[in-house]
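One letter stands for each residue in the lines below.
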Amino acid sequence: MTIDEKIGILTGTGQLNPARRCVGDTTPVARLGIPSLCFNDGPAGLRLVKNVTGFPSGINVASTFSRRLMRARGQALGEEFRGKGVNVFLGPAMDIMRNPKAGRGWESFGPDPYLNGEASFETITGVQSVGVIACAKHLIANNQEHWRYGFTANVDDRTMYEIYWYPFLRSIEAGVASVMCAYNRVNGTSSCHNAALLGPTGLLQKDGFKGFVVSDWGATHDSAADNANAGLDMEHPETIFSLNAVNSNAVTVDRLNQMVSRVLAPWYRLGQDSGYPAVNFDSQKPDGSGARNLRVNVRSPAHTALVREIASASAVLLKNNRTTTTGTPTGTTVRGLPIASSRIKTMAVIGQDAKMPNLKCNDLNECNDGTMSIGWGSGSNSLEFIVPPIDAITSFVGASATITTSLSNELDDGVNAAKGKDVAFVFVNAMSGELGFYDTVVGNMGDRNDLDLWWKGGSLVERVAAVCDNTIAIIHSVGPVYIPWNIHPNITGIIYAGAPGEQTGPSIVDVLYGKYNPNGRLPFSIADNEAAYGTSIIQYTEKLLLDYRYMDAQNITPRFEFGFGLSYTTFAYSGLSISASGTSQVIAFTVANTGGFAGTEIPQLYLAYPAASGMPKKVLRGFEEVVLDVGASSQVSISIGQREMSIWDTPSQSWTRPTGSFTVYVGASIEDIRLMGTF
């Protein structure tokens, strides 16, 4: 290859290039059969493209606590990206939700590094199983939108390894083929010009990363030569990298060759050199028009069913004051959930969040005037096939009940619709997204201004509950919101449904009417004030104490704790045993379904370290998905490896298991502990 050809592989063709078809393109080397490499958003499905699926957000798949669904979602995403001819899936995002207001927190998997790491591993494994290159992002400590283009995340060594690096480490173990460096600086140095992250002795290569590093779009703040020498392999959307940089020896030919090799090696390794589909869309015409949009449909019934399942599996039942005709769990529901169609003759569907969203919003989905299925920004996805709650409810109910609607957040209209009804479904939401070009959505510049529900959603729920004694609140949100009204006696059910993707309506109907017994778990805590989280935008003073870790340390009881989620049935735990297996510990126990419905339990394992370790009181180190019929039981086994028992020791720069006794906690949430043991 000539030097110009090599440089063409390593640089984007430019945001203003009229020939560009993807969010990012490179220059092909036609004589060698190397095509233009296509990079496209985003982590929850293709953006700027027609005939694709709008998948649930990252935070929703985290709510499933299901490795099975995490991997299946990754594979389905990969299948659609491959079908459209995309070489590089710009995801998954694995930015820790260190502050609950973080604008892009919903793209990733919450504040816990272990849960983030497992979801990242499974997503990447799924995506790359079909030959698509996954791109782990955004390296590193990219946890807010305020001042993202210039702020420095000052993070100490141990915190970096145990919190922010851990998901990337799991990504490397999954064989991730590319990593995206972030806009922000880390300890004073730009992420994309940071040899301590990207260089031969930096975090990535030291832990075995063999792929290429690509910049976020416009995230390079130094000269192209400086970036290349620090470890950056590819720059987007374009570059000032030139032939002169090589001819002047500012970048050596050896380094240039290494960069090209790192880019092309995954292209060969994942089989993209043979039989890979060509790009068949034009992201510059997202309406599907023009000769370059070939209208290839990559949707499938299997993908639609998977999206619906994940949306239902991620719905977290926060409250259910159920009463039945017999006063027993096997009776027919009178109030609460699941809804019994035979008992409901009149209902109200209330709230702007129940209706169709704005399908003529801009390319970044910077609108919130209908149901909220995904946040805004480059991590958004297609709303082309969205089914809003009101449509799904209307279709399911048919003529069995009279439906009164108030599809706004006008308080008086909601009250009038709810009066005298057998049940009132109130849909409310909160949204956030990417800063972009300093874009503001309803007064929020990426990060949320607060943890309130939008459009006076909390007041709407309370006003409706004052006139309907069977009020069910459904919350679509990108993260924690205030729920001070959960104790209201007329609010019989609360479902936190997150940002569930295009099948938002059918999935919530499945949960409301009992076709799907909810088993979602909160991947964060819901507290009564921001101070309970112990973080602020910018200042990284909390170290290891994020979310439930901080609340534990400060003896703060949240309204709903990390890992919490109810079911229509009940489960019992018994028979804890702990045994050594090599350097691992195997924790075994039995879970039984003791209630009246078939269901799925999500047992969680938390570990307390020896007192001198400097660790939080207890941290997540395992979870499983256990499907049980009524009366059935199953033995569960969770293995804790050596690293999961270790802490990062800065002096030795190694993972070290502290000496002393460990305590194992097994239960249904961080606070609902059912079994304890030590080793």
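Since the model is a prediction, treat every value here as computed from it, not as a measurement.

1. Here we look at the packing of helix α14 (residues 411–418) against helix α15 (residues 457–465)
Where α14 meets α15, the closest approach of the two axes is 9 Å, and the angle between their N-to-C directions is 35°. Considering only the axes of α14 and α15, their crossing is right-handed. Contacts between α14 and α15 involve L411, D412, G414, V415 and A418 on the former and, on the latter, S459, L460, R463 and V464.

2. Some details on the side chain of Q604
Mapping Q604 onto the fold places it in strand β21 (residues 604–608). Given the relative accessible area of 0%, Q604 is considered buried. Here the side chain of Q604 touches G563 through a polar contact of 3.1 Å, landing on its backbone oxygen.

3. As for the state of the cysteines
Here a disulfide denotes one covalent bond, and it connects the sulfur atoms of two cysteines. One pass over the structure, following the stated rule, counts 3 disulfides. One disulfide in the model links C181 with C192; its S-S distance is 2.1 Å. With the S-S bond torsion at 105°, the cross-link from C181 to C192 turns out right-handed. Residue C181 is located in strand β6 (residues 178–181), and its partner C192 is located in the loop between β8 (189–190) and α7 (195–198); the two are separated by 11 residues in the primary sequence. Both residues of the pair, C181 and C192, belong to the buried class. One disulfide bridge connects C361 with C367, the sulfur atoms lying 2.1 Å from each other. In this structure the cystine formed by C361 and C367 twists about its S-S bond by roughly 95°; its chirality is therefore right-handed.

4. As for the packing of aromatic side chains
Evaluation of the coordinates by the stated rule reveals 25 aromatic pairs. Between Y161 and W655 the ring centres are 6.5 Å apart and the planes differ by 85°, which places this aromatic pair in the edge-to-face class. Here the residue Y161 occupies a position in helix α5 (residues 157–164), and W655 occupies one in strand β26 (residues 654–656), the gap between them amounting to 494 residues. Taken together, the ring pairs connect F65, Y114, Y548, F562, Y606 and F623 into an aromatic cluster.

5. Side note on the packing of helix α1 (residues 3–10) against helix α11 (residues 253–269)
The geometry of α1 relative to α11 is characterised by a closest axis approach of 10 Å and an angle of 50° between their N-to-C directions. Viewed along their axes, α1 and α11 adopt a mutual orientation that is oblique. The crossing of α1 and α11 is left-handed. Across the interface between the two elements, I3, K6, I7, I9 and L10 from α1 touch L256, N257, M259, V260, V263 and L264 from α11. Class assignment of the residues belonging to the contact of α1 with α11 gives a composition of 9 nonpolar, 1 polar and 1 charged.

6. Here's the deal with the side chain of E122
Position of E122 among the secondary structure elements: in helix α4 (residues 113–128). You can call E122 buried: its relative accessible area is 8%. Those residues in contact with E122 that lie beyond four places of it in its chain are R67, M70 and R71.

Criteria and thresholds
Residues numbered from 1 in each chain as written. Predicted model: local features only at pLDDT ≥ 70, side-chain atom pairs only at ≥ 80, totals over all residues. Heavy atoms only, no water. Axes fitted to C-alpha atoms, helices over the stretch in contact; angles between N-to-C directions. Helix = DSSP H or I, 4+ residues; strand = E, 2+ residues; numbered from the N terminus. Left-handed = near helix turned anticlockwise from the far one by under 90°. Contact = heavy atoms within 4.5 Å. Buried < 20%, exposed > 50% of the residue type's maximum accessible area, 1.4 Å probe, protein only. Polar contact = N/O pair within 3.5 Å; in protein donor to acceptor, adjacent residues only side chain to side chain. Disulfide = S-S within 2.5 Å. Phe/Tyr/Trp six-rings, centres within 6.5 Å; stacked < 30°, edge-to-face > 60°. Parallel < 35°, antiparallel > 145°, perpendicular 65-115°, else oblique. Nonpolar A, V, L, I, M, F, W, Y, C, P; charged D, E, K, R; others polar.

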